[in-house]
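Notes for the structure review
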Amino acid sequence: MSSEIATSVRSNWAGNFTYSTQRLHLPRTVGEAQEIVRSAAHIRPLGSRHCFNAIADSRERQISLRNLNQIVNLDEKLRRVTVEAGIRYGDLCPFLHERGYALHNLASLPHINIVGACATATHGSGVTSGNLATAVAAIELIKADGELVALSRDGEDMGFGGAVVALGGLGVVTRFTLEIQPAFDMTQHVYLNLPPAALDDHLEEILSSGYSVSLFTDWQSDTVNQIWIKRKIAVDHTLPRLVPATVEAEPEFFGARLATRNMHPIPGHAAVNCTQQVGVPGPSYERLPHFRMEFTPSSGRELQSEYFVRREYSRDVIRVLRSFGDQLAPLLMISEIRTVDADDLWISPCYDRPSTGFHFTWKQDWSALKDLLPLIEEALEPYEAVPHWGKLFTMSARRIQSRYERLPDFRALLQEYDPDGKFRNPFLEEYIFGEVGAA
């Protein structure tokens, strides 16, 4: 059976980007994937299609490992799980929870697969939680010559720091080994209308008030629309699980009032597809994401941007973005502020710096957005902002490259693993190698 399929139109999840090739390979075994890579002149890995730009694009071929989505091994002694790269977080986490384990954090959507999330440094929220790629202890990938190679954080693999967040440029990842921890339960409470003085005077305390905290605002006033606070609770998983009771919370939080029903981050949207709130306990994998696995994620057709700054610049950036209120109003659906801990992954936006991410969910109007983003990026220049690799930005390659001190090491690693540029595309040529317009 051929692994290649062709369709008339192939686009990303949001529908804003159409891929340049109709040749998509869907191998069912690692051996088949190796042969596909070995025989291709140019090919790009494709994750769960939740990127909004050309990062996964190819003019010739793409390869998706969505059929390679099994759990390979659970090592309870080392507290590690090995999985095939195409598995989704929403499928892995219930398996782990049933056996008493959990991942350290999750993104807002459980629908994304592990390979795409790790390749782009996708993240959740939490002052002490690194992005999802920081859970990776070992990685297996197919090099340009079709051979398998394994790298481990435990060994002497000097390139490991560049191999996990690699933007699909190193090879086709086939397996991950992830660090896990004992399962934990959580509650989620939402507070409404945080006064501006509280945000100005108590920002660090607010962002540290839970295991995972997200602030949602439309920047139309100095008030924060919603605060989502996700907290760990003690549950003995050796005992039979009882019907969860609601965990009470303070009726006010720095002047914001407690919501008494489930909320959606975007005003006017029904909360039916959001994870359970109002203090009902549940497994961490059912509380850390904002959206439930069994529903269509987020709001559907939208665009997204996100910029990361050092944690100490958070207040200054908030003040800058408040000044954009009128310009944001016609395009913005909602903005989210969340924290990410520092890591040691070479081209992670949080390399060696605890960071705050400023996320924007936009209406699908790229013609207007491409005029607005340069203004925002210029205003954030004093704070050394860097964009999320998989979202929309207009920042120059030169400016982005200047933010990554390990970029020369990453380039050298790509050259070592892929000397002929089999996995490169115009996105990598521009933003990693600086060869604007290269084929």
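Going by the structure above, here's the rest.
This is a predicted model, so every value here is computed, not measured.

Notes on the nonpolar core
- Counting residues in hydrophobic clusters, the biggest one holds 125 residues, and the most contacted among them are Phe176, Leu215, Ile227, Trp362, Trp389 and Ile432.
- Ignoring sequence-local partners within four residues, the contact set of Trp389 consists of Asn53, Ile55, Thr120, Leu167, Ile347, Pro349, Ile400, Tyr404, Phe427, Tyr431 and Ile432.
- Val37, Ala40, Leu65 and Val172 belong to the second largest nonpolar core, which has twelve residues in total.

Looking at helix α10 (residues 407-417)
- Within α10 the residues assigned to the buried category are Leu407, Phe410, Leu413, Leu414 and Tyr417. Each buried residue of α10 lies within a common arc of 115° when the element is viewed along its axis, so the set occupies one face. More than 90 degrees from the buried face of α10, the exposed residues found are Pro408 and Glu416.
- On its buried face, α10 sits against β8 (136-142), β9 (148-152), α4 (160-163) and α9 (397-402).

Re the sheet that holds strand β4 (residues 62-64)
- With respect to topology, four strands assemble into an open sheet ordered β1-β2-β4-β3, the strand pairing being mixed. Since the sheet does not close on itself, it has two edges, and those belong to β1 (4-5) and β3 (44-46), each with one partner.
- Sheet topology places strand β2 (residues 24-25) next to β4; two bridges connect them, and they run parallel. Counted as the bridge partner of His25 is Ile63 from β4.

Things to note about the packing of aromatic side chains
- Under the criterion given, the structure shown has 13 aromatic pairs.
- Between Phe393 and Tyr431, the aromatic rings sit 5.2 Å apart at their centres with planes inclined by 70°, giving edge-to-face as the arrangement. Of this pair, Phe393 sits in the loop between β21 (386-387) and α9 while Tyr431 sits in helix α11 (residues 426-431), and the two are 38 residues apart along the sequence.
- Take Phe393: its relative accessible area is 9%, and that puts it in the buried class.
- Just above the ring of Phe433 sits the side chain of Arg424; from NZ or CZ to the centre is 3.6 Å.

Re the packing of helix α5 (residues 196-207) against helix α6 (residues 314-322)
- The geometry of α5 relative to α6 is characterised by a closest axis approach of 10 Å and an angle of 155° between their N-to-C directions. Here α5 is positioned roughly antiparallel relative to α6, judged by the angle of their axes. Here Pro196, Leu199, Asp200, Asp201, His202, Leu203 and Glu204 of α5 come into contact with α6, specifically with Ser314, Arg315, Ile318 and Arg322.
- Of the residues contributing to the contact of α5 with α6, the split by class is four nonpolar, two polar and five charged.

Some remarks on the pattern of salt bridges
- The full count for this structure, using the stated rule, is 20 salt bridges.
- Note that Asp200 is salt-bridged to Arg322, the shortest N-O span being 3.2 Å. Residue Asp200 is located in helix α5, and its partner Arg322 is located in helix α6; the two are separated by 122 residues in the primary sequence.
- Of the residues examined, Asp200 reaches a relative accessible area of 25% and is grouped as partly exposed.
- As a salt-bridge pair, Glu336 and Arg338 come within 3.7 Å of each other at their nearest N and O atoms. Taken as a pair, Glu336 and Arg338 share a single burial class, namely buried.
- When salt bridges that share partners are traced, they join Glu378, Glu381, Arg399 and Arg403 into one network.

Some points on unusual backbone geometry
- Phi at Asn193 is positive, roughly 60°, even though this residue is not glycine.
- On the secondary structure map, Asn193 appears in strand β12 (residues 185-194).
- Among the residues examined, Asn193 registers a relative accessible area of 43% and is labelled partly exposed.
- Of note, Asp352 is a non-glycine position whose phi angle comes to about 60°, a positive value.
- Here Asp352 is to be found in the loop between β19 (332-340) and β20 (355-362).
- On the basis of relative accessible area, Asp352 is assigned to the exposed category, the value being 53%.

Considering helix α2 (residues 89-98)
- Across the ten residues that make up α2, a large majority, seven, are buried.
- The positive-phi residue at the C-terminal boundary of α2 is Gly100, with phi of around 90°.

Things to note about the sheet that holds strand β10 (residues 172-179)
- Taken in spatial order, the five strands of this open sheet run β5-β6-β10-β8-β9, and their pairing is antiparallel. Because the sheet does not close on itself, it has two edges, and the strands there are β5 (71-75) and β9. The mean angle between the axes of side-by-side strands here comes to 15°, regardless of whether they run parallel or antiparallel.
- In the sheet, β8 pairs with β9 via five bridges, with the strands oriented antiparallel. Counterpart to Leu141 in the pairing with β9 is Val149.
- Sheet strands touched by helix α1 (residues 30-39): β8, β9 and β10. Its angle to β8, the strand with the most contacts, is close to 55°.
- Across the sheet, α2 touches β5, β6 (80-84) and β10, and the angle it forms with β5 is around 35°.

Cut-offs applied
Residues numbered from 1 in each chain as written. Predicted model: local features only at pLDDT ≥ 70, side-chain atom pairs only at ≥ 80, totals over all residues. Heavy atoms only, no water. Core = buried A, V, L, I, M, F, W, Y, C linked by side-chain atoms within 4.5 Å. Buried < 20%, exposed > 50% of the residue type's maximum accessible area, 1.4 Å probe, protein only. Contact = heavy atoms within 4.5 Å. Helix = DSSP H or I, 4+ residues; strand = E, 2+ residues; numbered from the N terminus. Arc of directions from axis to C-beta. Pairing = 2+ DSSP bridges. Phe/Tyr/Trp six-rings, centres within 6.5 Å; stacked < 30°, edge-to-face > 60°. Lys NZ or Arg CZ within 6 Å of the ring centre and 35° of its normal. Axes fitted to C-alpha atoms, helices over the stretch in contact; angles between N-to-C directions. Parallel < 35°, antiparallel > 145°, perpendicular 65-115°, else oblique. Nonpolar A, V, L, I, M, F, W, Y, C, P; charged D, E, K, R; others polar. Salt bridge = Lys/Arg side-chain N within 4 Å of Asp/Glu carboxyl O.

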